[in-house]
Each structure stands twice: as structure tokens, then as C-alpha cells.
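# Survey of secondary and tertiary structure
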Amino acid sequence: MNALVWADAATPEEGGAQATNLFRETFNYEPRGVWSAPGRVNIIGEHVDYNGGPCVPIALPHRAYVALSPRQDRTIRLISPQTREAIDVLDLDALGPKGGPGEVANHWTAYLAGVPWALERAGYGPLPGFDAALWSCVPLGGGLSSSAALECATAVALDEVCSLGLAGSIEAPNDEGRRVLVDAARVAENQIAGANTGGLDQTASMRCREGHALALDCSDMSTRQVPFDLGAVGLELLVIDTRAKHSLADGQYGARRADCEESARILGVDQLVEVADLAQAVAALNDERLAARTRHVVSEIARTRAFIDLLVEGPLEGTRLKVAGALMDDSHESLRDDYEVSCPELDVAVAAARSAGAHGARMTGGGFGGSAIALVDADATPDVALAVARAYAERGWETPHFIRALPSAPAGYLG
Ligand code: ADP
Ligand code: MG
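Just so it is clear, the model here is predicted, and its values are computed rather than measured.

### Focus: the site of ligand 1
Surveying the vicinity of ligand 1 reveals 18 residues, the closest of which are Ser-80, Trp-108, Gly-141, Ser-146 and Ser-147. Here Ser-80 contributes a side-chain N or O atom positioned 3.2 Å from a nitrogen atom of ligand 1. At 2.6 Å, a side-chain N or O of Ser-146 approaches an oxygen atom of ligand 1. Protein chains bury 80% of the 560 Å² of accessible surface belonging to ligand 1 in isolation. Taking a 2 Å distance to the grid points as the criterion, the majority of the atoms of ligand 1 fall inside the largest pocket. Counted by class, the shell around ligand 1 contains 7 nonpolar, 11 polar and no charged residues.

### Side note on the nonpolar core
In this structure, Leu-68, Leu-95 and Leu-237 are the most contacted members of the largest nonpolar core, which totals 76 residues. Excluding residues that lie within four positions of it along the chain, Leu-68 makes contacts with Phe-23, Pro-31, Arg-32, Gly-33, Trp-35, Phe-130, Asp-131, Ala-132, Ala-157, Leu-158 and Val-161. Core analysis: the second largest hydrophobic core is formed by 38 residues, Cys-260, Val-275, Cys-343 and Ala-353 among them.

### So, the packing of helix α3 (residues 146–161) against helix α5 (residues 200–207)
Closest axis-to-axis distance for the α3/α5 pair is 9 Å, and the angle between their directions is 50 degrees. In this view, α3 runs oblique relative to α5, as classed from their interaxial angle. Pair α3 / α5 crosses with right-handed handedness. For the pair formed by α3 and α5, the contact residues are Ala-148, Ala-149, Glu-151, Cys-152, Ala-155 and Val-156 on the first element and Asp-201, Gln-202, Ser-205 and Met-206 on the second. The residue inventory of the contact of α3 with α5, partitioned by class, reads 6 nonpolar, 2 polar and 2 charged.

### A few points about the sheet that holds strand β9 (residues 222–227)
Pairing within the open sheet is antiparallel, and its 3 strands lie in the order β3-β8-β9. Both outer strands of the open sheet, β3 (54–55) and β9, are each paired with one neighbouring strand and no more. Pairing analysis gives 2 bridges linking β3 to strand β8 (residues 212–217), with the strands arranged antiparallel. Bridged to Pro-54 within β8 is Asp-217. Contacting β3, β8 and β9, α5 runs over the sheet at an angle of about 140 degrees to β8.

### Focus on the environment of Ser-331
With respect to the secondary-structure elements, Ser-331 resides in helix α9 (residues 318–337). A C-alpha to C-alpha distance of 21 Å links Ser-331 and Glu-261, two positions 70 residues apart in sequence.

### Some points on the layout of surface pockets
Its volume calculated, the largest pocket comes out at about 1,300 Å³. If you trace the largest pocket, you find 49 residues lining it, with Gly-143, Glu-189, Thr-197, Asp-201 and Lys-245 closest to the centre. For the lining of the largest pocket, the elements supplying multiple residues, two or more each, are β2 (33–42), α2 (107–121), β7 (130–136), α3, α5, β10 (235–245), α6 (249–267) and β12 (369–377). Top contributing element to the lining of the largest pocket by residue count: α6, with 4 residues. Residue classes in the lining of the largest pocket are distributed as 16 nonpolar, 25 polar and 8 charged.

### Examining the pairing of strand β4 (residues 57–70)
Counted residue by residue, β4 has 12 buried out of 14 residues, so it is predominantly covered. Strand direction decides the pairing type here: β4 and β7, joined by 7 bridges, are antiparallel. When the sheet's bridge partners are listed, Ser-69 is paired in β7 with Asp-131.

### Quick look at the side chain of Arg-207
Checked against the element boundaries, Arg-207 lands in helix α5. Side-chain polar atoms of Arg-207 contact the backbone oxygen of Met-221, separated by 3.0 Å. There is a polar contact of 3.1 Å between the side chain of Arg-207 and the side chain of Thr-223. Beyond its immediate stretch of four places on either side in the chain, Arg-207 contacts Asp-175, Arg-178, Arg-179, Val-182, Leu-214, Met-221, Thr-223, Gln-225 and Pro-410.

### Quick look at the UniProt feature "domain: GHMP kinase C-terminal" (unreviewed entry) in the protein chain
UniProt tags residues 321–392 as "domain: GHMP kinase C-terminal" (unreviewed entry). With 57% helix and 19% strand, residues 321–392 has end C-alpha atoms that lie 28 Å from one another.

### Remarks on the pattern of salt bridges
As a working rule, side chains carrying opposite charge can pair if their charged atoms are close by. Overall, the coordinates contain 23 salt bridges when judged by the stated rule. Its salt-bridge partner being Asp-201, residue Arg-40 comes within 2.8 Å of it at the nearest N-O pair. One end of the pair, Arg-40, is in strand β2; the other, Asp-201, is in helix α5, and 161 residues separate them in sequence. Looking at Arg-40, the relative accessible area reads 8%, which means it is buried. For Asp-201, a relative accessible area of 13% corresponds to the buried category. Residue Glu-333 is joined to Arg-354 by a salt bridge in which the shortest nitrogen-to-oxygen separation is 3.1 Å. Remark: Arg-354 occurs in helix α10 (residues 344–355) and Glu-333 occurs in helix α9; sequence separation between them is 21 residues. Among the ionic contacts, a cluster of salt bridges with common partners joins Arg-71, Asp-73, Arg-77 and Asp-131.

So, how was this worked out
Residues numbered from 1 in each chain as written. Chains lettered and ligands numbered in written order. Predicted model: local features only at pLDDT ≥ 70, side-chain atom pairs only at ≥ 80, totals over all residues. Heavy atoms only, no water. Near = heavy atom within 4 Å. Polar contact = N/O pair within 3.5 Å; in protein donor to acceptor, adjacent residues only side chain to side chain. Areas by Shrake-Rupley, 256 points an atom, 1.4 Å probe, with all protein chains shown as cover. 1 Å grid on protein atoms, 1.4 Å probe; cavity = no way out; pocket = protein on both sides within 12 Å on 5 of 7 lines; lining within 4 Å. Sits in = over half its atoms within 2 Å of the grid points. Nonpolar A, V, L, I, M, F, W, Y, C, P; charged D, E, K, R; others polar. Core = buried A, V, L, I, M, F, W, Y, C linked by side-chain atoms within 4.5 Å. Buried < 20%, exposed > 50% of the residue type's maximum accessible area, 1.4 Å probe, protein only. Contact = heavy atoms within 4.5 Å. Axes fitted to C-alpha atoms, helices over the stretch in contact; angles between N-to-C directions. Helix = DSSP H or I, 4+ residues; strand = E, 2+ residues; numbered from the N terminus. Parallel < 35°, antiparallel > 145°, perpendicular 65-115°, else oblique. Left-handed = near helix turned anticlockwise from the far one by under 90°. Pairing = 2+ DSSP bridges. Points joined across faces, edges and corners; volume = space filled by probe spheres on them. UniProt positions renumbered as here; feature names shortened; annotations may be inferred. Salt bridge = Lys/Arg side-chain N within 4 Å of Asp/Glu carboxyl O.

The following block contains the structure:
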């Protein structure tokens, strides 16, 4: 079997230099600065955001770096090494929602150009055009929010060069202002890129803190920082990017949302977070599929609340670690059996990680591919990764990529 593939994060110095060099080579002048924003991984609380439930993301050390300078006109020029060689040129006055006359043809540029468009519609304009070079080490399409990282890096860059005063610094973030930037980033993704997502990814990228997990209540997007210093207790979070993407992902996401809405309607509640008595709800639904979907949502909300309580109580050691691991395991089983959003690649990764000694493991993100996570003793991480890679090799599957995820800093200026 080939060696393990670690998708390590670039250091801020490396990332900043890559973006700056690309900017310089492309536009022949110095950028005003480099801003960056992280990808995220959700520890627990899956498929409950659109049901008003809680989730617990952390910011990854993997970041998108945007070197940027404002222009005198309304032109936007963009370059990224990962997608194509040519400069993309857009007009801030001409671009508009996907499907309309101003649709942005090249998909990736929509995530950046959509941000000033959304900020202007939120009353923060008129904004200047800009030149920007993007360089990112957030794995693309692995369910780790590479798209939100692009939007949020652009948002904090524009906040600073246009003196909007919304972001504050990484050390002293302006949480209220960041909520405005989160909304602009989400609107950019929904309308200009045409991807129907809630605000979880952007909230994590903007509002997480180093060494902490973000307890995010999706009913009102209120947050609470909970200590999650894994290193202090000899733990690591291993992220397994399965590299699998099943084509049914988008349609199935819509179908699950529709199931939840239908269940809520039958039960006479606005959102499933309001269901107080699961047994009663299951009886009232009188439909196996809807009952299973509701069982996942209601039980996942309870697990997530219990997980947050554990982190608030103290470091993940002893019984707390055991319980936290079990909650992660149960979350996976619920997503696999009741919500039916797992796939063989995720199930095999989770099973192999557990048998190699992980304290808990689960799929994370939307499912049907993407990534799984395992909570492991730091010194056992290589063994757990090897066990997963072996299980993939035995099945003739593409080699998974591994990430060590420590809770990292939110979007901001890194110099
Ligand atoms: P995820 O956010 O889970 O990684 P998405 O499908 O939401 O997956 O976003 C992936 C898209 O984001 C890519 O298809 C591409 O358009 C854009 N993207 C992400 N990273 C980069 C990058 N480094 N360069 C260019 N485009 C990128
Ligand atoms: Mg995304």
C-alpha cells in the first residue's frame, strides 16, 4: 500500500506568500494586504441546522488566502492557481443572481464577486472594484467548506480596505459586525453562486475562536464559545477526506429537508426542534420514513446539547471522553440508519477508525461522500489513519486524505 496522504495546512506565512506572489505575477504590482479565512468541520449536530437545532463546528487550520487591492473603478479581476491560468474579469455593475442575465459564468469567481454584490444590497455600498489573487489549502469539495472560506476571506478583505468597520481583528473580533459579513457571504453563495446552503459554514469561518468549538444555535444563530483544547488532554481530531462524492448528494439534501418540513407540518410545529416528545411524534406521523427522519433530528439535537454540556463541564478526559465518543458514534448510526445520508466510504472509514482505537467517529457534513472525523489519542493518530487507508486499499478505493484538525482562528488579516 502507498504511504498515507496527509493534506496538511499551509502556515499563514506560506499561504500569505503564495497569494502575494500570485498577485504580483498576475497584476504586476503589490497587493494592499492578504486576508484569510478557514474551512470548518462540524464535531456533532448534523442535518439539524435547518430544523432550528444546535451544531458544534471548529475552524480548521486550513485557510483560503486572498491577496487584494481595491481599484478606482467597478472592475473585479480574479486569479486562482487551482482552477485556471487566465484572469477572470467581472463588472460589479453587471453581475447578478444565477439564472439571470448577470450570471457569473465561471463558478468559482461567483464566491468572491458575490460578496461585494451582497454587501451593497445590504446597504454597504457603493464599493470599489478590486484585484484579487486566491490561494487556498482547504480541500475542495470535501465537505470542509472551501466555498465559505473564499467568501469570508473576501468579506474581511473588503471590510478593511473599504473601512466598513464590521469584522474587528482576529484577536478582538466584532461579533455583531461579523454577523453582517456572514449574511453577505451566505447571500453570495445562495444567489450569485446558486448553492442553497444555510449560514452554518460562514458562521463557523467568521465566528469560531482558536482553541474553542462554537456552540451554534441555528434557531437564531446565537453562539457560545466552548473550550475545546484537544492538545491539552493528548487528543486529536482526525479528519478523513474520503474523496468520494456521490451524485445523489444534492437531490437527497433537498429530499431530507422536504421530509423534515412535511413532518413539522403534520406535527403542527414550525421546526422539528420544537418536538418535545419523540414517541408521541413518531406515533402521530404514522409513516416509517418520516418517523425515522424525525427520530434522527430529535435525537441528534439531544446528543448535541449533551456534547456541549460535556465540553462546558471540563476537558474531555475519563468518563467525559467516553461519553463524548459514544455520542459521536450514536450520531453516525442515526445518520446512517434513520437519516440515510451515509455511504460505504463513510461507514468503512468510521468502522476502521473505531476498531483502531478511536474514542468516537462519525461522518460529518451533508453525507454521500465528503469527510468523516475520529476523536483519537494524539499518539495513535498514525495507526488509526493507517487502518482506514488499509480498509480503503482492500476495497480498491481511492486513497483517502487525512487532516489533523486543531480548533483554529477565524477569518481576518494575517499580515
Ligand atoms: P465545500 O465548500 O464543501 O468544499 P462546495 O461545493 O460548497 O464544497 O464548494 C466547492 C467550490 O468552491 C468549488 O467547486 C470551487 O468553485 C470553489 N473553490 C473552493 N476552493 C477553491 C480554490 N482554491 N480555487 C478556486 N475555487 C475554489
Ligand atoms: Mg461549501
